[in-house]
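# Architecture at a glance
What follows is the residue order along each chain.
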Amino acid sequence: MREPEEKEKAAKDEAAKEKGGLNETWSQDAQDALEDFIEEQGIYIRQ
């Protein structure tokens, strides 16, 4: 679905791991990942 965005997030996460901290947008990234997972299960959330 969002492959270019996923690769970009993975690169940022990898850089954050090297620094020993969390990505600045970790909470939004987690929310996006959870919403993607829920939609993959066939459930759509109204926003």
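So, here is what we can say about the structure in this document. (Residues numbered from 1 in each chain as written. Predicted model: local features only at pLDDT ≥ 70, side-chain atom pairs only at ≥ 80, totals over all residues. Heavy atoms only, no water.)

## Description of the overall build of the protein
Applied cut-off: Only DSSP runs of H or I reaching four residues or more are called helices, and only runs of E reaching two or more are called strands; each is numbered from the N terminus. Here's how the labels work: a residue is buried when its accessible area is under 20% of the maximum for its type, exposed when over 50%, partly exposed in between, all with a 1.4 Å probe on protein chains only. Here the accessible surface of atoms and residues is derived via Shrake-Rupley with a 1.4 Å probe, and residues count as covered only by protein chains that are part of the display.
A tally of regular secondary structure across the protein gives two helices and zero strands. The buried share among the 47 residues of the protein stands at 13%. Of the roughly 4400 Å² of accessible surface on the protein, a fraction of 52% belongs to carbon and sulfur atoms.

## Things to note about the environment of L22
Note that L22 resides in the loop between α1 (3–19) and α2 (26–40). Owing to a relative accessible area of 66%, L22 belongs among the exposed residues under this scheme. Put simply, L22 and K12 are ten residues apart on the chain and 9.6 Å apart in space, counted from C-alpha to C-alpha.

## Focus: the environment of A33
Secondary-structure assignment places A33 in helix α2. You can call A33 partly exposed: its relative accessible area is 46%.

## Remarks on α2
Test applied: Helix span, expected: 1.5 Å multiplied by one less than the number of residues in the helix. This arc describes the spread of directions from the helix axis toward the C-beta atoms.
A rise of 1.5 Å per residue sets the reference length of α2, with its 15 residues, at 21 Å; its end C-alpha atoms lie 21 Å apart and thus fit the reference within 8%. Listing the buried residues of α2 in full gives D29, D32 and D36. Summarising the axial view, the buried residues of α2 lie within an arc of 65°, below the 170-degree limit, and thus occupy one face. Directly beyond the C-terminal end of α2, a positive phi value near 95° is found at G42.

## Brief notes about the environment of E6
Along the chain, E6 turns up in helix α1. Through-space distance from the C-alpha of E6 to that of D29 is 9.8 Å; in sequence the pair is 23 residues apart.

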